[in-house]
Each structure stands twice: as structure tokens, then as C-alpha cells.
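Each chain is listed here by its residues.
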Amino acid sequence: MLDLLSDILTNMSMRGSLYFRTSFTKPWGVAVPSYENVARFHFVHRGNCLVRVNGVADPISLNQGDLVIIPHGTSHDLYCGHEPERTIMPLDVVLERSGYEGSGVLVYGGEEPLSETQLICGHFSFDPKSRHILMERLPPYIHLTNYGERAGRWMEATLRVIGEEAGGRKMGGDLIALKMSEAILAQAIRSFIEGSDAEESSLGAFSDKNLSRALDAFHKAPAERWTVEALANVAGMSRTGFAVQFQKLMKMSPMEYVTGWRMEIAKRVLQKADASLTDAAESAGYASDSAFTRTFKKETGMTPAKFRKAEKSSHSQI
């Protein structure tokens, strides 16, 4: 059985993709376009740079060992700070001018070799039909300074291996770097929700020791007959105290959370060709197909049959 965070990311079909490893020398700047259903990351393997996220007032300063996650695929600029209005170029232009063809290291910039900045850049994609408030409520960016050291020796070693393998010439290097990079997002989100900023994003239940215990139990057995009282018992709290604290930290009721996640589970079942309506209902904890259908339509705006039909149509067009 998966723990709370692992279950969420797995159900959202998270997949890592490495863009490239860079060797940028001043002056340089790259405008990264927006993209839906992805979370982007940049790890500073060597040197430093600035990142300016669209919609965020001030640029973020990244130093060696820093990691920035951009959870919602927002457009952003990576640059050295030198005349950004002249040096920042669209990503497609940078790729063309550098001659980068998708393998090895992306080499780009000016004539200052002692100013080299090495970045490991990539993204994590998600199923566009999967939703969860954890991802939706994350801030525009998560900046973790000296990330390898903060995350522990194992993450520091992971990042070092990724830096050595990504874009290298050894057989299997890119695959090794890719698979290891998938641990980065989970660790970064865990660091965020364990910090003081989680409550400001209405994600405080994930860091509250009592509420998170109840959430973890629910995610491990979502089809059981969960009630507010049952969740409160797992949390070691009174029913009223649990409901009030959950609403305060999450800006939603416990059963709203339960229902929302159950519908996400049901969506995954409905996407299987050999699954029946009853299979989807039972996976979401419903003994009655009709009760499940009513709830599914209320939560998603369509019946299970229409959802399945739309899924088949989208796959047939690929």
C-alpha cells in the first residue's frame, strides 16, 4: 500500500522527463514557454542564475545546489542577469542557435568561460484528466536552497548522479537520470508541505500530524465506509474538533476531500476497457451504481457513461 503522497502522485500518472543538462556562459537567457499538465524543475549543478516566473513580481536567485520547482507549467525566464531585455531568447531560438539535437549537453551563451552555469532541467507530466488539490494549490514556484544538503545525503547523492549521467555518453545514462529525477518532485513537495508555507496554501492537513494520519489511512483504503467520525477516530480527535480543524486548514470539509479523491479513483477504473460501472462504483466505496452515478455526475459534470465515451474518443484521435 502506498503512503499518502505516493498514492496521489501515482494516481495522477506522474512521469519524469529530462529536457537537458546545460553549459551556459555569460551573457545568456532562455524564455521557457508555458505548458499544461506539467511541473518543471531546474537544479543548479554549478554556478548561479536568476529565474523570473510569469505572474511573480520579483526574480528568484538560484545558487549552486538550489532547486526550483514550477508546479503549474508556467512560462518563465532563466538568465544570467546581464541585460535580460537583450539576452533572453525563446527556447526554440536557443536550441537552434546552439545546434542542440536532444542528446548530450546544451552549450549556449557568450564568451565568458569562467562564468559557466550548469543546470539540470526537466519536467514531470500528469494525466490531464487527473486532479488533486495538492497539486492545484501549490504556489507558483517552490524554491529549495542548498537542496541536496537539506533533503539528506541520499538526495545529494541522487542529484550528483543525475548531474553526471544526464546527457552523458555512458549507456543507459539518460534512463538512469530520468528515473532518479522522479524522486525529486516527491521530495520537493514533501519538503514544502512539512514547512510553514503549507497552511498558507490551504494544505495544512498534510503537515498536521493528526489530520495527516487520517488522510493516510483513507488513501490506503479509500473504498471503506469512511465517515467524519471514522476519520476523527484515526486522527485521535473528537468528531467536531477534527471537522473544524480540517475545514480551517484545507478550506473544505473532510467528506468533500473523500468524495473528490474517490471520483479520481473511479476515473482510472472507467478508463479500463474491461471495467464495468459496478467496478468503478465499488472502487470508490459505493454499493449502489445509481448512487455512484449521481455523485460522479455532480463532481465531474458528466455521467460515468459519458466520461468513458469521451475517453474512448480522445484515445481514438491520438
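Let us look at the structure shown here. (Residues numbered from 1 in each chain as written. Predicted model: local features only at pLDDT ≥ 70, side-chain atom pairs only at ≥ 80, totals over all residues. Heavy atoms only, no water.)

### Brief notes about unusual backbone geometry
Part 1: Geometrically, the link from Lys26 to Pro27 is a cis peptide bond, its omega value of -10° lying close to zero.
Part 2: Checked against the element boundaries, Pro27 lands in the loop between strand 1 (15-26) and strand 2 (29-32).
Part 3: Look at Asn37: it is not a glycine, yet its phi comes out positive at around 60°.
Part 4: For Asn37, the location among the structural elements is in the loop between strand 2 and strand 3 (38-46).
Part 5: Classification of Asn37 as partly exposed rests on a relative accessible area of 34%.
Part 6: The backbone of Glu83 sits at a positive phi, close to 40°, despite the residue not being glycine.
Part 7: Residue placement: Glu83 occurs in the loop between strand 7 (76-79) and helix 2 (84-87). (Helix = DSSP H or I, 4+ residues; strand = E, 2+ residues; numbered from the N terminus. Buried < 20%, exposed > 50% of the residue type's maximum accessible area, 1.4 Å probe, protein only.)

### Looking at the nonpolar core
Part 1: Counting 49 residues, the largest nonpolar core has Leu67, Phe126, Ile189, Phe206, Phe242, Phe246 and Tyr257 as the members making the most contacts within it.
Part 2: Among the elements that make up this core, the one with the highest residue count is helix 7 (residues 173-193) (six residues).
Part 3: Residues within four places of Phe242 in sequence aside, it is in contact with Leu211, Ala214, Val228, Leu231, Ala232, Ala235, Met237 and Pro254.
Part 4: Counting residues in each nonpolar core, the second largest holds 23 residues, with Val51, Val68, Leu119 and Cys121 among its members. (Core = buried A, V, L, I, M, F, W, Y, C linked by side-chain atoms within 4.5 Å. Contact = heavy atoms within 4.5 Å.)

### Brief notes about the packing of aromatic side chains
Part 1: Enumeration according to the criterion identifies eleven aromatic pairs in this entry.
Part 2: Ring centres 6.2 Å apart and planes at 70° place the aromatic pair Phe246 and Tyr257 in the edge-to-face group. Residue Phe246 is found in helix 10 (residues 239-250), and its partner Tyr257 is found in helix 11 (residues 254-270); the two are separated by eleven residues along the sequence.
Part 3: Members of the aromatic cluster, joined through ring pairs, are Phe206, Phe218, Trp226, Phe242, Phe246 and Tyr257. (Phe/Tyr/Trp six-rings, centres within 6.5 Å; stacked < 30°, edge-to-face > 60°.)

### Some details on the packing of helix 1 (residues 4-11) against helix 8 (residues 209-220)
Part 1: Contact pair helix 1 / helix 8: the axes reach a minimum separation of 9 Å and the direction vectors enclose 45°. Judged by the inter-axis angle, helix 1 sits oblique to helix 8. Our pair here, helix 1 against helix 8, has a crossing hand that is left-handed. Along the contact surface, helix 1 presents Leu4, Asp7 and Ile8, while helix 8 presents Ser212, Leu215, Asp216 and His219.
Part 2: In terms of residue class, the contact of helix 1 with helix 8 is made up of three nonpolar, two polar and two charged. (Axes fitted to C-alpha atoms, helices over the stretch in contact; angles between N-to-C directions. Parallel < 35°, antiparallel > 145°, perpendicular 65-115°, else oblique. Left-handed = near helix turned anticlockwise from the far one by under 90°. Nonpolar A, V, L, I, M, F, W, Y, C, P; charged D, E, K, R; others polar.)

### Some remarks on the sheet that holds strand 4 (residues 48-53)
Part 1: On the basis of which strands lie adjacent, the open sheet formed by five strands has the order 5-4-7-2-8 and mixed pairing. Of all strands in the sheet, those with a lone pairing partner are strand 5 (60-63) and strand 8 (89-90), marking the two edges.
Part 2: Pairing of strand 2 with strand 7, which is carried by four bridges, proceeds in the antiparallel orientation. Paired with Val32 across the strands is His76, a residue of strand 7. (Pairing = 2+ DSSP bridges.)

### Points about the pattern of salt bridges
Part 1: Tallied over the entire structure, the rule returns six salt bridges.
Part 2: For Arg86, the salt bridge goes to Glu83, with nearest N and O atoms at 2.3 Å.
Part 3: Note that Glu264 is salt-bridged to Lys267, the shortest N-O span being 3.0 Å. With Glu264 and Lys267 both in helix 11 and three residues apart, the pair spans about one turn of that helix. For the pair Glu264 and Lys267, one class covers both residues: buried. (Salt bridge = Lys/Arg side-chain N within 4 Å of Asp/Glu carboxyl O.)

### Describing helix 9 (residues 228-235)
Part 1: Inspection of helix 9 places Val228, Leu231, Ala232 and Ala235 among the buried residues, and these make up the whole buried set. Looking straight down helix 9, one finds its buried side chains confined to an arc of 100°; they lie on one side.
Part 2: The inward-facing, buried residues of helix 9 contact helix 8, helix 10 and helix 11.
Part 3: One or two steps after helix 9, the chain reaches Gly236, where phi turns positive at roughly 75°. (Arc of directions from axis to C-beta.)

### Let's talk about the pairing of strand 6 (residues 67-70)
For a regular strand, side chains alternate in direction, first toward one face of the sheet and then toward the other.
Part 1: Here strand 6 shows a buried face lined by Leu67 and Ile69 and a second buried face lined by Val68 and Ile70.
Part 2: Across four bridges, strand 3 lies against strand 6 in antiparallel orientation. Its bridge partner being in strand 6, Arg40 is matched across the sheet by Ile70.
Part 3: Bridging between strand 6 and strand 11 (residues 142-144) involves three bridges; their strand directions are antiparallel. In the sheet register, Leu67 faces strand 11, and the bridge partner there is Leu144.

### Quick notes on the environment of Leu67
Part 1: Counting through the fold element by element, Leu67 comes out in strand 6.
Part 2: Taking the C-alpha atoms as reference, Leu67 lies 7.5 Å from Asn146; in sequence the two are 79 residues apart.
Part 3: Other than its neighbours up to four places away in sequence, Leu67 contacts Phe41, His42, Phe43, Ile142, His143, Leu144, Tyr147, Ile184 and Ala188.

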